[in-house]
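Structure at a glance
Chain residues, written in single-letter form:
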There are 2 protein chains.
Amino acid sequence: MRNIKLTIEYDGTNYLGWQRQKVGPTIQGTLEETLSRILNHRVHIRGAGRTDAGVHALGQVANFKTTSSLDPASLGRALNALLPRDMAIIKVEEVDLKFHAQFSAKKKTYFYQILSRPVRSAIWRNYAWWVPDRLDLEAMKACLPYIQGRRDFASFRNTGTSTRTTVRTVFEATIKRVPVAGMIRFEITADGFLRYMVRNLAGALVRVGQGRMSPEDFVQLLDARDRSLAPPPAPPQGLYLKEVIYD
Amino acid sequence: MRNIKLTIEYDGTNYLGWQRQKVGPTIQGTLEETLSRILNHRVHIRGAGRTDAGVHALGQVANFKTTSSLDPASLGRALNALLPRDMAIIKVEEVDLKFHAQFSAKKKTYFYQILSRPVRSAIWRNYAWWVPDRLDLEAMKACLPYIQGRRDFASFRNTGTSTRTTVRTVFEATIKRVPVAGMIRFEITADGFLRYMVRNLAGALVRVGQGRMSPEDFVQLLDARDRSLAPPPAPPQGLYLKEVIYD
């Protein structure tokens, strides 16, 4: 038995998200079907992060077990030849049998792209959140120290889900302009993320940028640990799973 | 009679190009139909550059005549509400009746994006030319002085078309890395472009970057003024009409 690790890029626009579903195409389902065709046995893959519909990945990681002796480079070429063009395999590696894409992950980095300009964009419609307001970047940046370190992110979790703990450790969080006119990127690295956490944070940070919330309100919201007080999540198309880091 | 100037952004992926055709959706056709619905009369628009299928625009310019008294801001809002999401109106201005989007243009800027990395990209599949080789940027840059100034670009025109003159003046041409891993951008500003000129230049520049042509070969190719000697054009999805400049 061998354990294979995949690093995957995808454009999430046309998928119902990572997790296999009966009602439509998903990243996991498409990968499993394609792997099964190549390897001639049923394949079950585990992903590092279950991205939602419309969310993209530059470096999603998944693993699966196989008895096939196909070398990693050939498997990568076969996958890239057979997968739809909005999915691409960046790397294939044989790893220790104990490696688990989700549980072995030490850190993950997501970024969220916000396009701040008066009119909507044709090119970026599926790749950023269009916000038709000027954003006060300094006010948004003033919130970042409060989400760094070990914190309780209960205010920024998904409504209606119960997780064992809502405490996560954020190692780094930055907001900067990228060289596309009006484009702002919020990037965050943590030991784990609650469902909707990045989109909820991005939604609140944009409120601060718009002047509809102060950085003090943001801190109060975080301290309240009550999801019902937070603004709605930012839409999925701005979110990218950038990287999953292992030991 | 009023003359209206539009600045338009579009994702060319799902269009047969700028020019109206009977067989499928085009940018001009979609704009004309939408304008006709809003203004209640047939509209004929002229574009500054006739982009090909799959080519994008950040700042295409077009103009049309109308008897409507609808103010530019309202027209822009109506267009952005009714146009497909892969087209967006950036600006609407009333201009002098003599303004002609194509003939009044003094300069145009195009850029061409090349993604140089070992594996194909899911995110950039429709927005850059994937080249699975390392490119020697210095060799590519060494070609640029030879295409600047007033030159005969006969070697880089479209095959099978005859234009009055193949002489154009290039005001600026640059090659640089943009902050996406492996992404290279060739940008060129000229008083006009032959059909396929930017894609033919990009195709030859990539050959130089790959070491399959030397900068000296590139100069010889330019001097030969013979399209049949040039490498094939770069594919459309890397090309963007960035800006059209008027007096």
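Every chain is numbered on its own, with residues counted from 1 as its sequence reads. Key to labels: chains lettered from A, ligands numbered from 1, both in the order written. Local features in a predicted model are, by the rule used here, given only for residues with pLDDT of at least 70; side-chain atom pairs are given and counted only at 80 or more, and totals for whole chains, interfaces and linings are based on all residues. With hydrogens and water stripped out, all remaining heavy atoms of the structure feed into the side-chain values.

Quick reminder of the rule: UniProt positions are given in the numbering used here, feature names are shortened, and annotations may be inferred rather than shown by experiment.
The name that an unreviewed UniProt entry assigns to chain A is tRNA pseudouridine synthase A, with the source organism given as Thermosulfuriphilus ammonigenes. According to the UniProt record, the Sequence similarities (unreviewed entry) comment for chain A is "Belongs to the tRNA pseudouridine synthase TruA family." Taken verbatim from the UniProt record of chain A, the Subunit (unreviewed entry) comment is "Homodimer."

Some points on the overall build of chain A
We count it as follows: Helix and strand labels come from DSSP, where a helix needs a run of H or I of at least four residues and a strand needs a run of E of at least two; each type is numbered from the N terminus. Each radius of gyration reported is based on C-alpha atoms, and the globular scaling rule is 2.2 Å times the count of residues to the power 0.38. Only protein chains enter the area calculation, which uses a 1.4 Å probe; residues under 20% of their type maximum are buried, those over 50% are exposed, and those in between are partly exposed. By definition, residues are in contact when any of their heavy atoms lie within 4.5 Å. All accessible areas in this document rest on Shrake-Rupley with a 1.4 Å probe, and a residue is counted as covered only by the protein chains that are shown. Within this scheme the basic residues Lys and Arg register as positive and the acidic residues Asp and Glu register as negative, but His and the chain ends are omitted. For charged residues, the charge sits on one atom: NZ in Lys, CZ in Arg, CG in Asp, CD in Glu.
A count of helical and extended segments in chain A gives five helices and ten strands. Relative to a compact globule of 247 residues, whose C-alpha radius of gyration would be 18 Å, chain A shows 19 Å and is just as compact. Seen through its principal axes, chain A has C-alpha atoms that stretch 55 × 40 × 30 Å. Classification of the 247 residues of chain A by burial places 56% in the buried group. Restricting to contacts in chain A with at least 6 residues of sequence separation, those with at least 24 account for 71%. Looking at chain A as shown, the accessible area adds up to about 11,400 Å², and 48% of this sits on carbon and sulfur atoms. Considering chain A, the positive charge centre built from 36 side chains and the negative charge centre built from 23 side chains are found 4 Å apart.

So, the relation of the copies chain A and chain B
Worth spelling out the cut-off: The copies were overlaid by least squares, fitting only the C-alpha atoms of residues that reach a pLDDT of 70 or more in each copy.
Take chain A, turn it by 180°, move it 0.0 Å along the axis, and it overlays chain B with an RMSD of 0.0 Å. Accordingly, the operation relating the two chain copies is best matched by a two-fold axis. Taking C-alpha positions as the reference, the residue of chain A nearest the rotation axis is A:Pro179, at 3.9 Å. A share of 100% of interface residues in chain A that are also interface residues in chain B marks the association as one of identical surfaces.

Some points on the pattern of salt bridges
Here is the rule: We count a salt bridge whenever a side-chain nitrogen from Lys or Arg sits within 4 Å of a carboxyl oxygen from Asp or Glu.
In this structure the tally under the stated criterion is 22 salt bridges over all chains. Residue A:Asp11 is joined to B:Arg125 by a salt bridge in which the shortest nitrogen-to-oxygen separation is 2.9 Å. Placement of A:Asp11 in the loop between β1 (2-10) and α1 (27-39) and of B:Arg125 in the loop between β5 (107-116) and β6 (129-131) is noted, with the two residues assigned to different chains. You can call A:Asp11 buried: its relative accessible area is 1%. A salt bridge links B:Arg225 to B:Asp152; the shortest N-O distance between them is 3.9 Å. Of the two residues, B:Arg225 is situated in the loop between α5 (215-224) and β10 (239-245) and B:Asp152 in strand β7 (residues 149-152); the sequence distance between them amounts to 73 residues.

Examining the domain arrangement of chain A
Residues and elements named next belong to chain A. What counts, and what does not: The split of the chain into domains comes from an automatic or database domain assignment. Here the quantity called buried area is the total loss of accessible area, with a 1.4 Å probe, experienced by two parts when brought into contact, counted for both. In the analysis that follows, any N or O atom pair within 3.5 Å is treated as a polar contact, provided that within protein one partner can donate a hydrogen and the other can accept it, and provided that, for residues neighboring in sequence, both atoms belong to side chains. In the scheme used here, Gly and all other residues not listed as nonpolar or charged are polar, with Ala, Val, Leu, Ile, Met, Phe, Trp, Tyr, Cys and Pro taken as nonpolar and Asp, Glu, Lys and Arg as charged.
Along its sequence, chain A is organised into domain 1 (2-95) and domain 2 (107-245). Its C-alpha centre places domain 1 at a distance of 27 Å from the equivalent point of domain 2. With 15 residues of domain 1 at the contact, the number on the domain 2 side is 16 residues. Regarding the contact of domain 1 and domain 2, the summed buried area is about 1,200 Å², with carbon and sulfur atoms giving 56% of it. Ranking the residues of domain 1 by area buried against domain 2 places Asp 52, His 56 and Leu 58 at the top, with a combined share of 41%. The interface formed by domain 1 and domain 2 includes one salt bridge. The salt bridge involving Arg 195 is made with Asp 52; its shortest N-O contact spans 2.3 Å. Joining domain 1 to domain 2, the criterion identifies ten residue pairs in polar contact (both at pLDDT 80 or more). Of the residues contributing to the side of domain 1 that touches domain 2, the split by class is six nonpolar, seven polar and two charged.

Describing the UniProt feature "active site" (unreviewed entry) in chain A
Residues and elements named next belong to chain A. UniProt marks Asp 52 with the feature "active site" (unreviewed entry), using the numbering shown here. One can find Asp 52 in the loop between β2 (46-47) and β3 (56-66). You can call Asp 52 buried: its relative accessible area is 15%. Setting aside residues no more than four positions away along its own chain, Asp 52 makes contact with Gly 17, Arg 195, Tyr 196 and Arg 199.

Things to note about the nonpolar core
Residue and element names in this part refer to chain A. For clarity, the cut-off: Side-chain atoms within 4.5 Å link the members of a nonpolar core, which is a set of buried Ala, Val, Leu, Ile, Met, Phe, Trp, Tyr and Cys residues.
In terms of nonpolar packing, the biggest core is built from 70 residues, with Leu 31, Ile 147, Phe 186, Ile 188 and Phe 218 touching the most fellow members. Take this core: its biggest share by element is eight residues, from helix α4 (residues 197-210). When residues are assigned to domains, this core turns out to be shared by domain 1 (2-95) and domain 2 (107-245), each giving three or more. With residues near it in sequence (within four places) discarded, Phe 186 still touches Tyr 110, Phe 111, Tyr 112, Leu 144, Ile 147, Ala 173, Thr 174, Ile 175, Val 198, Leu 201, Ala 202 and Leu 205.

Things to note about the packing of aromatic side chains
Within a pair of aromatic rings, the relevant descriptors are the distance that separates the centres and the angle that separates the planes. Which entries qualify depends on this criterion: Geometry of aromatic contacts follows a simple scheme: Phe, Tyr and Trp rings, the Trp one being its six-membered ring, pair when their centres are within 6.5 Å, and the pair is stacked under 30 degrees between planes, edge-to-face over 60, tilted otherwise. Each ring is checked for a lysine NZ or an arginine CZ that lies within 6 Å of its centre and within 35 degrees of its normal; such an atom marks a charge sitting over the ring.
The full count for this structure, using the stated rule, is eleven aromatic pairs over all chains. Ring geometry for A:Tyr127 versus B:Tyr127: centroids 5.8 Å apart, planes at 80°, classification edge-to-face. Separated into two different chains, A:Tyr127 in the loop between β5 (107-116) and β6 (129-131) and B:Tyr127 in the loop between β5 and β6 make up a pair that spans both. There is no split in this pair, since A:Tyr127 and B:Tyr127 are both buried. If you follow A:Arg199 out to its NZ or CZ, it ends over the ring of A:Tyr196, 4.5 Å from the centre. Directly above the aromatic system of B:Phe171 lies the positively charged group of B:Lys107, at a separation of 4.8 Å from the ring centroid.

Some details on the packing of helix α1 (residues 27-39) of chain B against helix α2 (residues 72-82) of chain B
Residues and elements named next belong to chain B. Under the convention used in this document: As a rule, the C-alpha atoms of each element are fitted with a line to give its axis, helices using only the stretch in contact, and angles between N-to-C directions run from 0 to 180 degrees. If an angle is under 35 degrees, it is roughly parallel; if it is over 145, roughly antiparallel; if it lies from 65 to 115, roughly perpendicular; otherwise it is oblique. Left-handed describes a crossing in which the near helix is turned anticlockwise from the far one by less than a right angle; the clockwise case is right-handed.
Contact geometry of α1 with α2 gives a least axis separation of 10 Å together with a crossing angle of 125°. Relative to α2, α1 is oriented oblique. Note that α1 runs across α2; the crossing there is right-handed. Contact residues: α1 offers Thr 34, Leu 35, Arg 37, Ile 38 and Leu 39, while α2 offers Leu 75, Ala 78, Leu 79 and Leu 82.

Some thoughts on the pairing of β3(A)
Residue and element names in this part refer to chain A. What counts here: Strands pair, by our definition, only if DSSP identifies at least two bridges between them.
Burial analysis of β3 places nine of its eleven residues in the buried class, which makes it a mostly covered element. As judged from the eight bridges shared by β1 and β3, these two strands associate in the antiparallel manner. Counterpart to Leu 6 in the pairing with β3 is Ala 62. Relative to strand β10 (residues 239-245), β3 is paired through two bridges, and the arrangement is parallel. Following the sheet pairing, His 56 is matched in β10 by Tyr 240.

A closer look at the side chain of B:Ser121
Along the chain, B:Ser121 falls in the loop between β5 and β6. Using a relative accessible area of 5% as the deciding quantity, one classes B:Ser121 as buried. A polar atom in the side chain of B:Ser121 sits 2.5 Å from the side chain of A:Glu9. A distance of 3.0 Å separates the side chain of B:Ser121 from the backbone nitrogen of B:Trp124, its partner in a polar contact. Not counting residues up to four positions away in its chain, the partners in contact with B:Ser121 are A:Glu9, A:Arg85, A:Ala88 and B:Leu115.

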